[in-house]
Amino acid sequence: MLNWLKNRLAPAGKNPRNAPYVLSSKQHPISPRDISKAAQDVVAALNDAGYQAYVVGGCIRDLLLKTKPKDFDVATDATPEQVKDLFRRSRIVGRRFQIVHVRMGREVIEVTTFRAHHQGNDKQAQQSKQGMLLRDNVFGDISQDAARRDFTINGFYYQPQDNSIYDYANGLADLKQRTLRMIGDPEQRYREDPVRMLRAVRFAAKLGFDIEPKTLAPIHKLAKLLKDIPPARLFDEVIKLLMSGNGLATFHLMREQQLFQQLFPNTEALLIEDPQQLEFIEQALINTDQRIRSGKRVTPAFMYAALLWPVVVKHSQQFLSGGESPAYAWQHGANLAIEQQLPRIAIPRRFTNPMRDIWSLQQRLPRRAGKQAERVMGHPRFRAGYDFVLLREQAGEDLEGLGQWWTIYQEADETKRQDMCTKLHSGKKPGRRRRKRGPRRKSGNPA
Ligand code: ATP
Ligand code: MG
């Protein structure tokens, strides 16, 4: 329990509208020093121009929990156009939900105009048949804005000038109880924006909070609404879900709530069939989490290559048993796996190309005879392909020591490397071994 929170609780019951619980400077641990200079400058410039402005959302939540915020967001009563006019280096982004990106030095601060509930048929507010908001650009005041945020712990407004925090949604009580609670009626809020279901599992896993029962209950039944979300938005969301350092916990929650199957239906079907594949995905996420924690680089290409690998294997094996050549079967399998995934999640080509490379290297890395090992090591994606082999082995697949062979090969000098390649031809698979050979042929040894 955070010490500062012990004696702090919002008054019992719901906050009446327009009456936030106010934490003055002395009642919380945040100091203006914790807030990025850029966000403070944006708030100050808006205030100077006569607008209200607050630092809001996840960054205040994270600071209250004494963790480092990922980014700083600002909310204001200035319209997007007014914000844009005020800052030279700014632009309005988004259609469904307009925000302004204000560039300050190297930082980009997202500035959001206070939103309000929708009434009637407004051009700025469109709803689909399922209740999804196709446009969410009806502006309002701060208390209306607070009611439009997703979870109570994401509804804090911080004023850098006097260092006070405004809590409109009883977020403090939930922070204390480590509870993730939707503001308003959960089902309606999920229908308005089904991505909130993904956000629920993401925050629960990231913060180690329990999802409050009423907030949790509708998720599995509404999970299918994710099919209406644009695939490009889902691509961004999946990165946040699985590549923020809590991927494994998030994955488990997503599967429990039937969210994973909406995003990766083909993978999910195979995970149910084959525990070995489940172990593989889990291992990929464990490794990704570890890499992130130790500050190492992670790439969406590697993660997506892992998430779709069971599907690639399945398709390729079907093509193989249908009589295709291995080269064709694996390429065809990869193409089909990607083609079937893209309507759900728009993986950009700059990632699908390296994914294909990682997969095709799984066929090339076992073929090390003659000059093949040397050649494949020069492949621009060799490292990722090799890491992928290690991952497969780590998850229990028997590749006859392939990963270790490559580990030693990379560290070896020229003589030893040649020796290793020569030795490959002796000892294994007697039936298929070629003994004395002349110039080595490309087809090599399918180790
Ligand atoms: P993160 O740590 O991922 O940045 P965050 O809570 O800051 O978490 P953002 O996506 O940066 O999340 O959004 C900032 C704030 O905007 C949130 O805290 C929340 O108040 C509000 N918000 C974002 N997305 C939604 C949504 N889909 N529905 C309602 N409110 C949202
Ligand atoms: Mg944020």
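Predicted model, so just to flag it, every value in this text is computed and none were measured.

## Digging into the side chain of Arg-61
So, point 1. Of note, Arg-61 is situated in helix H2 (residues 58-64).
So, point 2. For Arg-61, a relative accessible area of 3% puts it in the buried group.

## Points about the site of ligand 1
So, point 1. Not every one of the 17 residues close to ligand 1 is listed here, only the nearest: Lys-70, Arg-149, Asp-193, Arg-196 and Arg-202.
So, point 2. Separating an oxygen atom of ligand 1 from a backbone N or O atom of Gly-58 is a distance of 3.1 Å.
So, point 3. In the model, a nitrogen atom of ligand 1 is placed 3.2 Å from a nitrogen or oxygen of the Asp-150 main chain.
So, point 4. Its free accessible area being 580 Å², ligand 1 has 84% of it covered by the protein chains.
So, point 5. Elements that contribute at least two residues to the shell around ligand 1 include exactly H2 and helix H7 (195-207).
So, point 6. Grouping the constituent residues of the shell around ligand 1 by class yields one nonpolar, three polar and 13 charged.

## Some words on the nonpolar core
So, point 1. Membership of the largest hydrophobic core comes to 99 residues, with the highest contact counts inside it found for Ile-60, Tyr-304 and Trp-359.
So, point 2. Per element, the largest residue contribution to this core is 12 residues, and it comes from helix H15 (residues 300-321).
So, point 3. Among all residues touching Ile-60, those that are not within four sequence positions of it are Ile-30, Ile-35, Val-55, Phe-156, Tyr-158 and Ile-165.
So, point 4. Of all hydrophobic cores here, the second largest spans 16 residues; its members include Ala-373, Val-389, Tyr-409 and Leu-424.

## Re the pattern of salt bridges
So, point 1. Summed over the entire model, instances satisfying the criterion amount to 22 salt bridges.
So, point 2. Among the ionic pairs, Lys-37 bridges to Asp-41, the shortest N-O distance being 3.0 Å. A residue pair is termed a helical-turn pair when its members lie 3 or 4 positions apart in one helix, as Lys-37 and Asp-41 do in helix H1 (residues 37-48) at four residues.
So, point 3. Residue class for Lys-37 comes out exposed when judged on its relative accessible area of 59%.
So, point 4. Its relative accessible area of 30% is what places Asp-41 among the partly exposed residues.

## What about the packing of H15 against helix H17 (residues 349-364)?
So, point 1. Remark: H15 packs on H17, axes separated minimally by 9 Å, with the N-to-C direction vectors making an angle of 55°. Regarding the angle of H15 to H17, the classification is oblique. For the element pair H15 and H17, the recorded crossing hand is right-handed. Where H15 abuts H17, its residues Pro-300, Ala-301, Phe-302, Tyr-304, Ala-305, Leu-308, Trp-309 and Val-312 lie against Phe-351, Pro-354, Met-355, Ile-358, Trp-359, Gln-362 and Gln-363.
So, point 2. By residue class, the composition of the contact of H15 with H17 is 13 nonpolar, two polar and no charged.

## Structural notes on the packing of aromatic side chains
We describe a pair of aromatic rings using the distance from one ring centre to the other and the angle between the two ring planes.
So, point 1. Inspection of every chain in the model, using the stated rule, returns 19 aromatic pairs.
So, point 2. Measuring from ring centre to ring centre gives 5.8 Å for Tyr-54 and Tyr-166, while their planes differ by 75°; the resulting arrangement is edge-to-face. One end of the pair, Tyr-54, is in strand S2 (residues 53-56); the other, Tyr-166, is in strand S10 (residues 164-167), with 112 residues separating them in the sequence. Just as Tyr-54 is buried, Tyr-166 falls in that class too.
So, point 3. Relative to Phe-388, the ring of Phe-280 lies with its centre 5.7 Å away and its plane at 65°, an arrangement referred to as edge-to-face. In this pair, Phe-280 sits in helix H14 (residues 275-293) while Phe-388 sits in helix H19 (residues 382-394), placing the two residues 108 residues apart along the sequence.
So, point 4. Taken together, the ring pairs in this structure connect Phe-235, Phe-251, Phe-260, Phe-264, Tyr-304 and Phe-351 into an aromatic cluster.
So, point 5. Stacked on the ring of Trp-405, the Lys or Arg Arg-368 has its end atom at 4.7 Å from the ring centre.
So, point 6. Lying over the aromatic face of Tyr-409, Arg-417 brings its terminal NZ or CZ to 4.8 Å of the ring centre.

## Overview of the environment of Val-376
So, point 1. By the element assignment, Val-376 lies in helix H18 (residues 372-377).
So, point 2. The sequence separation of Val-376 and Arg-364 amounts to 12 residues, and the corresponding C-alpha distance is 7.2 Å.

## Points about helix H13 (residues 265-273)
So, point 1. Those residues of H13 not exposed but buried are Thr-267, Glu-268, Leu-270 and Leu-271. The buried residues of H13 occupy an angular sector of 165° when the element is viewed end-on, so they sit on one face. Exposed side of H13, more than 90 degrees from the buried face: Ile-272 and Glu-273 are the residues found there.
So, point 2. For H13, the secondary structure elements touched by its buried residues are helix H11 (247-256), helix H12 (260-263), H14 and H15.

## A short note on H15
So, point 1. In a regular helix each residue adds 1.5 Å, so 22 residues correspond to 32 Å; H15 covers 31 Å between its end C-alpha atoms and thus fits that length.
So, point 2. Maximum bend of H15: about 50°, positioned at Leu-308, with proline Pro-310 one to four residues after it.
So, point 3. Among the 22 residues of H15, 17 are classified as buried, and the element is accordingly described as predominantly covered.
So, point 4. Its side-chain oxygen 3.0 Å from the backbone nitrogen of Ala-301, Thr-299 forms the N-cap of H15.
So, point 5. Remark: Gly-323 follows H15 within two positions and exhibits a positive phi of approximately 100°.

Criteria and thresholds
Residues numbered from 1 in each chain as written. Chains lettered and ligands numbered in written order. Predicted model: local features only at pLDDT ≥ 70, side-chain atom pairs only at ≥ 80, totals over all residues. Heavy atoms only, no water. Helix = DSSP H or I, 4+ residues; strand = E, 2+ residues; numbered from the N terminus. Buried < 20%, exposed > 50% of the residue type's maximum accessible area, 1.4 Å probe, protein only. Near = heavy atom within 4 Å. Polar contact = N/O pair within 3.5 Å; in protein donor to acceptor, adjacent residues only side chain to side chain. Areas by Shrake-Rupley, 256 points an atom, 1.4 Å probe, with all protein chains shown as cover. Nonpolar A, V, L, I, M, F, W, Y, C, P; charged D, E, K, R; others polar. Core = buried A, V, L, I, M, F, W, Y, C linked by side-chain atoms within 4.5 Å. Contact = heavy atoms within 4.5 Å. Salt bridge = Lys/Arg side-chain N within 4 Å of Asp/Glu carboxyl O. Axes fitted to C-alpha atoms, helices over the stretch in contact; angles between N-to-C directions. Parallel < 35°, antiparallel > 145°, perpendicular 65-115°, else oblique. Left-handed = near helix turned anticlockwise from the far one by under 90°. Phe/Tyr/Trp six-rings, centres within 6.5 Å; stacked < 30°, edge-to-face > 60°. Lys NZ or Arg CZ within 6 Å of the ring centre and 35° of its normal. Arc of directions from axis to C-beta. Expected span 1.5 Å × (residues − 1). Bend = angle between axes of the 7 residues up to and from the residue.

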